[in-house]
Every structure is written in C-alpha cells, then in structure tokens.
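Okay, here's what each chain looks like letter by letter:
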Amino acid sequence: MRPYRRHPRTWRRGALTLVILAIAVAAAFPLVWMVLSSLKTPEESMQVPPVWWPGSPNLNAFAEVADVVSLGRSFVNSAFIAVVTTVAIVVTSLMAGYAFAKYRFKGRDWLFAILIATMFLPPIVTLIPLYRLTGYLGLNANLLGVVVPNLANAFGIFLMRQYIKGVPDDLIDAARVDGASEFLILFKIVAPSVLPAIAALTLFAFVYHWNSYLWPLTVLQGNTDQYPIVISLSRLLSYNRGAMNTGLVMAGATLAVLPPVILFVFLQRFFVDSIVATGVKG
C-alpha cells in the first residue's frame, strides 16, 4: 500500500491561511488594544511592562469623556456631515454613472477622462480653492460649508459607471418601451442591479467623511459648537499628561469608531459581493 501523501495544494492552502490570519491579527491589534486600554485603571495604564488585559475592567473613562467633550452635539454634527454627504454622493454617482455608461453624447469620453484625472489631485491642492469658494457662497463657519463641496465624488461616478455598464441594454430599452421615465429606470431597475457597488460606495464615503479632520477644521474656523466628533476628541490630548489619562483618550477613540464599525457590520455582505463581482469581471 502506498503511503498517504498530502497534496502540495493542501500545504499551499494551509500556508496561505496562516498568512491571512497573521495579517488579520496585525490589522485588528490596534483596535483591540484601544478597547482594552479604555477599560484599564490609570495605574494599569502606567505599568511597565504593559498590562495586556485589565485586571478590573471599568467604564469610568467613558463617563469622563462626556465631561470633557460635548459628545451628543459632536456626534450629531458628525452624523449630519457623514449621512448627508454619503447620500448625496450615492445619488449623484448613480445619476452621472448612468449617463456615462448608457448615454451617447458628444465629448462623453473626454469629459469622463477629465473626471478621472481629478482623482489624481491630492486633497491638499484643492483645499485653498474650495475654502475661497465656500467663502464666496457665505458657507464658512457652518456645517453646510463642510458638506456642499463634497456632494459629488469622482471615484463614486467612476465606480457606478463601471458597474452600470454591465446592466443589459435590452432591459433598459424594454422599460423605455413600457413608458418608464429615466429616473424610474435608474432607481427601480439599474440601482437594484448594482446594489453591491452602492453598498461599497456608501461604506467608503461614510467612513471617509466621518473621519474627515482637515477640511472641517478649516471651514468651521473655531466654531466649536459645530465641531464633529473627530475634531472634538482632539481636546482629550490636552488632558493626556503622561499615561494617567491614556484610558480617557482611548475611550474617546473607541466611541468615535463605533458608527463606521456598525455600518460595516450591516454592509459587509454587500461589500464582499462587490469585491467578488469585480474579480469575476476582471
């Protein structure tokens, strides 16, 4: 009887699994350390070598954050910025992507090329022109100044255009023959067909604008009542004298990352589907 031998493919699969597991642990470690540090006592935060697991977990740091930062107001500001911007980006990206994918008009390819070229501009290059523009519109020092310049996004238009191209033209033509309007076709036929891409764009846009720091800080001009949570939490750094208040900073950071994490949990299936569909289309 021939001895059993493992197929080389099994070893490769096992090695690949170990590599993926190591990458996942390395990526999750900062988040786990942040949460654990927020539950430690000040004495445990100061210990050397560091204490990995809090001996007596407590939520005192989270209560102290509310005393230092106006959490409710800051969360409302962040939610307004992230939600309004994300909804606008998804809608405008769907409409423009549909036009670029299914309409034929003069200069379409050149216009799309210019749109793609704007994706290569570093955000710092457009900071001053956008700031001047919001000033001319009278939108400085309020949340509208943060939101209005971000109502459309070149990456979102590109993403929607690539997915909408895969929607059969016959399906759209049949809807037109039945008398459906272009908006009805877009939101009742095309949008459900590209739902994974919409979910991925929603996640990208929400996380980016929830965590945005430089642009809101520039536009709001010290109007602390309208600061989003990311900027408000910077006040915690002034309370971090040594390691005594490390738990306070970590508690604030934990609260700030909760909404994007929760959104990802709800949209992860669609997000994975969008990546798989992209790989299949290749």
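> Whenever I open this one, the overall build of the chain confuses me. Can you help?
When helices and strands are counted, the chain shows 14 helices and zero strands. At 24 Å, the chain has a C-alpha radius of gyration far larger than the 19 Å of a compact globule built from 282 residues. Its C-alpha atoms give the chain principal-axis dimensions of roughly 85 × 70 × 35 Å. A buried classification covers 36% of the 282 residues belonging to the chain. For the chain, the accessible area works out to roughly 17100 Å², and carbon and sulfur atoms hold 69% of it. Placing the 21 positive and 12 negative side-chain charges of the chain at their respective mean positions leaves the two points 13 Å apart.

> I'm lost on the packing of helix α4 (residues 71–102) against helix α11 (residues 195–210) in this one. Help?
In a pair of packed helices, the angle between the axes and the distance between the axes together describe the arrangement. Two elements in contact, α4 and α11, have axes separated by 9 Å at closest approach and are oriented at 145°. Like other packed secondary-structure pairs, α4 and α11 cross with a definite hand, here right-handed. Contacts from F75, S78, A79, I81, A82, V83, T85, T86, I89, V90, S93 and L94 in α4 reach I198, L201, T202, A205, F206, H209 and W210 in α11. Residues belonging to the contact of α4 with α11 are distributed by class as follows: 13 nonpolar, six polar and no charged.

> Would you mind showing me how to read the packing of aromatic side chains here?
How two aromatic rings sit relative to each other is set out by the distance from centre to centre and by the angle between their planes. For the structure on display, the rule yields 10 aromatic pairs. For the pair W33 and W52, a centre-to-centre distance of 5.3 Å together with 70° between the ring planes defines the contact as edge-to-face. Of the two residues, W33 is situated in helix α1 (residues 8–38) and W52 in the loop between α2 (42–46) and α3 (60–68); the sequence distance between them amounts to 19 residues. Residue class for W33 comes out partly exposed when judged on its relative accessible area of 24%. Of the residues examined, W52 reaches a relative accessible area of 53% and is grouped as exposed. Summarising the aromatic geometry, the rings of F155 and F204 are spaced 6.2 Å apart at their centres and angled 65° between planes, so their arrangement reads as edge-to-face. Taken together, the positions of F155 in helix α8 (residues 154–164) and F204 in helix α11 put the pair 49 residues apart, joining distant regions of the chain. Classification of F204 by relative accessible area gives partly exposed; the value is 40%. Three or more aromatic residues joined by ring pairs form one cluster here, namely F100, F105, F112 and F158. We note R161 situated over the ring of F112; from NZ or CZ to the ring centre the distance is 4.3 Å.

> Just to check I follow, could you spell out the environment of W210 for this structure?
Note that W210 resides in helix α11. Apart from residues no more than four positions distant in its own chain, W210 is found in contact with F75, S78, A79, A82, I229, V230, A256, P259 and P260. From its side chain, W210 meets the backbone oxygen of A256 in a polar contact 2.8 Å long.

> How should helix α10 (residues 182–193) be read in this particular structure?
Because an α-helix completes one turn every 3.6 residues, residues spaced three or four positions apart along the sequence face the same direction. Look at α10: 15 Å from first C-alpha to last across 12 residues, which is about the 16 Å you get at 1.5 Å a residue. Those residues of α10 lying buried are I185, L186, V190 and A191. Projected down its long axis, α10 shows its buried positions confined to an angular sector of 145°, all on one face. For α10, the secondary structure elements touched by its buried residues are α4, α8, α9 (169–177) and α11.

> What is the right way to read the pattern of salt bridges from this model?
Oppositely charged side chains are able to pair whenever their charged atoms sit close together. Under the defined criterion, the tally for this structure stands at four salt bridges. Between K102 and D169 there is a salt bridge, with its nearest N and O atoms 2.7 Å apart. Note that K102 is positioned in helix α4 and D169 in helix α9, a separation of 67 residues in sequence. The class for K102 is buried, based on a relative accessible area of 16%. Among the salt bridges present, the one from R176 reaches E182, with a minimum N-O distance of 3.0 Å. The class of E182 is partly exposed, set by a relative accessible area of 28%. Via salt bridges that share partners, D173, R176 and E182 belong to a single interconnected network.

Calculation criteria
- Residues numbered from 1 in each chain as written.
- Predicted model: local features only at pLDDT ≥ 70, side-chain atom pairs only at ≥ 80, totals over all residues.
- Heavy atoms only, no water.
- Helix = DSSP H or I, 4+ residues; strand = E, 2+ residues; numbered from the N terminus.
- Rg over C-alpha atoms; globule rule 2.2 N^0.38 Å.
- Buried < 20%, exposed > 50% of the residue type's maximum accessible area, 1.4 Å probe, protein only.
- Areas by Shrake-Rupley, 256 points an atom, 1.4 Å probe, with all protein chains shown as cover.
- Lys, Arg positive; Asp, Glu negative; His and termini not counted.
- Charge placed at Lys NZ, Arg CZ, Asp CG, Glu CD.
- Axes fitted to C-alpha atoms, helices over the stretch in contact; angles between N-to-C directions.
- Left-handed = near helix turned anticlockwise from the far one by under 90°.
- Contact = heavy atoms within 4.5 Å.
- Nonpolar A, V, L, I, M, F, W, Y, C, P; charged D, E, K, R; others polar.
- Phe/Tyr/Trp six-rings, centres within 6.5 Å; stacked < 30°, edge-to-face > 60°.
- Lys NZ or Arg CZ within 6 Å of the ring centre and 35° of its normal.
- Polar contact = N/O pair within 3.5 Å; in protein donor to acceptor, adjacent residues only side chain to side chain.
- Expected span 1.5 Å × (residues − 1).
- Arc of directions from axis to C-beta.
- Salt bridge = Lys/Arg side-chain N within 4 Å of Asp/Glu carboxyl O.

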